[in-house]
Amino acid sequence: MIDPADEFEFFFDKPWSDGLPVVPPTEERIARMLAGTSRGPDEPVGEIPPALEAASVRDIAVHAVMAGCLPEYLPVVLAGAEAMLEVSFNINGIQATMHAVAPLMIVNGPYAKKIGINGGLGCFGPGFRANATIGRAIRLILLNLGAGIPGVTSMSTFSQPSRFTFCIRENEEESPWPPLSESLGHGPGEDAVTLAAVENPQLVFDDTSRTAGRYLIAVADAMAHLGSWNNWTRSDLVVALAPQHAEICAADGLSKEDVHGRLLEMAGRRVGELRRGGNFRVERMRSLSIPVNLDDDEFFVPTVKDPGDLKIIVAGGVPGPETAVMHGWSGGSRAVSRAFSV
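Below: a short report on this structure. (Residues numbered from 1 in each chain as written. Predicted model: local features only at pLDDT ≥ 70, side-chain atom pairs only at ≥ 80, totals over all residues. Heavy atoms only, no water.)

1. Some words on the sheet that holds strand 6 (residues 202-205)
The following threshold applies: In short, DSSP must find at least two bridges between two strands for them to pair. Only DSSP runs of H or I reaching four residues or more are called helices, and only runs of E reaching two or more are called strands; each is numbered from the N terminus. The axes are straight lines fitted to the C-alpha atoms, using for helices just the contacting stretch, and the angles between their N-to-C directions are given from 0 to 180°. Note on contacts: a residue pair is in contact if any heavy atoms of the two residues lie within 4.5 Å.
Here we have 4 strands laid out as an open sheet, ordered 6-11-7-10, and mixed in their pairing. On the outer flanks of this sheet lie strand 6 and strand 10 (310-314), each paired with one strand and no other. Looking at each pair of strands side by side, their axes are set apart by 20° on average, direction ignored. Bridge analysis of strand 7 (residues 237-241) against strand 11 (residues 322-326) gives 4 bridges, and the strand direction is antiparallel. Bridged to A240 within strand 11 is A324. Where helix 9 (residues 212-223) meets the sheet, it contacts strand 6, strand 7, strand 10 and strand 11, and its direction lies at approximately 25° from that of strand 11. Packed onto the sheet, helix 10 (residues 243-251) meets strand 6, strand 7, strand 10 and strand 11 and runs at close to 90° relative to strand 7.

Shown next as structure tokens:
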């Protein structure tokens, strides 16, 4: 029997939790959280699909409290919430899909480092409050204000662990290249968040390759596996190189743009391979945004249909001969990026 005086059990008894205990959002805690931003508590943030509950800055702060955020995390949570509401990101579709994609939040700039968002060793895993609670706040907002409730509006067959939290910083300190934010048009040193609807990281382990040419073969192969939506439609795809793999490329004289270009060229399947299995349908292949000769089994179909859909970052730590490939959704979402201020 649930003790009515137990505030943690009270929240479990309501559909207000992600399955883990939440911090009760008392007025004192909400006020303390709101001190983390200069924005007014009644300022509108947007309507959260599919329930379209109107969310204010205060509503976002409530969920940041519940997730366990510190007040200084609130500007990043707000930026992430506003980014996911951009029409092109299509959070409504992501909420309801049978697939298991989640909004991956990649944070760039000095503020992310200041508040302790981890982009280095273990960045996708446990042990880092900023990563865990900022990403969790976004999920609680989607659950409570958007009604993205499993089995009700969220019909994801398996779902995935990144639907608890999916927030990292790019490892700018150990990267040989400019950060993702600059690649997307933000200024040097500008604070920015980028969101992409992707699957859990699929790891490419390679402690043998010493040249970029050899190393990129396995990455391109992982990008093009036949179970990936990226083969069958235009969709985002994120590739995170650990610093050790990024340095192999840089030592061979490759810029980030060079790596980007090579992966675009290498990642793909021939028509004959695509016919053998996976989600191959003639009508789907004919509707692609690029021309495909279905009469030629040797015709090469690139995995990434639009160069802008491939996002390359450096993350993870040293040592680590690994790269993380994160495949996209069924074509209904475009990655978004926006600068933010504190």
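2. Quick notes on the environment of W232
Spelled out, the test is: By the criterion applied in these results, polar contacts are pairs of N or O atoms within 3.5 Å in which, for protein atoms, one can donate a hydrogen and the other can accept it, and in which residues neighboring in sequence qualify only through two side-chain atoms.
Considering the arrangement of structural elements, one finds W232 in the loop between helix 9 and strand 7. Measuring from C-alpha to C-alpha, the distance between W232 and R281 comes to 8.6 Å, with 49 residues separating the pair along the chain. Each residue touching W232, except ones within four places of it in the same chain, is listed here: L226, L274, G277, G278, N279, F280, R284, M285, L288 and K305. Separated by 3.1 Å, the side chain of W232 and the backbone oxygen of S228 make a polar contact.

3. Observations concerning the nonpolar core
Here is the rule we go by: Within this scheme, the nonpolar core is defined by two criteria: the residues are buried Ala, Val, Leu, Ile, Met, Phe, Trp, Tyr or Cys, and they are joined through side-chain atoms within 4.5 Å. A simple rule labels every residue: compare its accessible area, found with a 1.4 Å probe on the protein chains alone, to the largest value its type can have, and call it buried under 20%, exposed over 50%, or partly exposed in between.
In terms of nonpolar packing, the biggest core is built from 52 residues, with I60, V76, M84, M105, V107, I117 and I134 touching the most fellow members. Apart from residues lying up to four places away in sequence, I134 is in contact with C69, Y73, V76, V77, M105, I115, I117, R129 and C167.

4. Observations concerning the state of the cysteines
For the record, the criterion: By definition, disulfides here are pairs of cysteine sulfur atoms that lie within 2.5 Å.
Inspection of the entire model under this criterion finds 0 disulfides. Its sulfur unpaired, C69 is 9.1 Å from the next cysteine sulfur, which belongs to C167. C249 forms no disulfide, and the closest cysteine sulfur to it belongs to C123, at a distance of 18 Å. C249 gets classed as buried once you look at its relative accessible area, which sits at 0%.

5. Digging into the sheet that holds strand 12 (residues 336-339)
Pairing is mixed across the open sheet formed by 4 strands, whose spatial order is 4-3-5-12. Pairing within the sheet leaves two strands with one partner each, and these edge strands are strand 4 (167-169) and strand 12. With direction set aside, neighbouring strand axes in the sheet form an average angle of 20°. Across 4 bridges, strand 5 (residues 192-198) lies against strand 12 in antiparallel orientation. Across the sheet, residue V193 finds its bridge partner in strand 12, namely R338. Packed onto the sheet, helix 4 (residues 74-84) meets strand 3 (102-108), strand 5 and strand 12 and runs at close to 50° relative to strand 5. Of the strands in this sheet, strand 3 and strand 4 touch helix 7 (residues 129-144), which is tilted by about 140° from strand 3.

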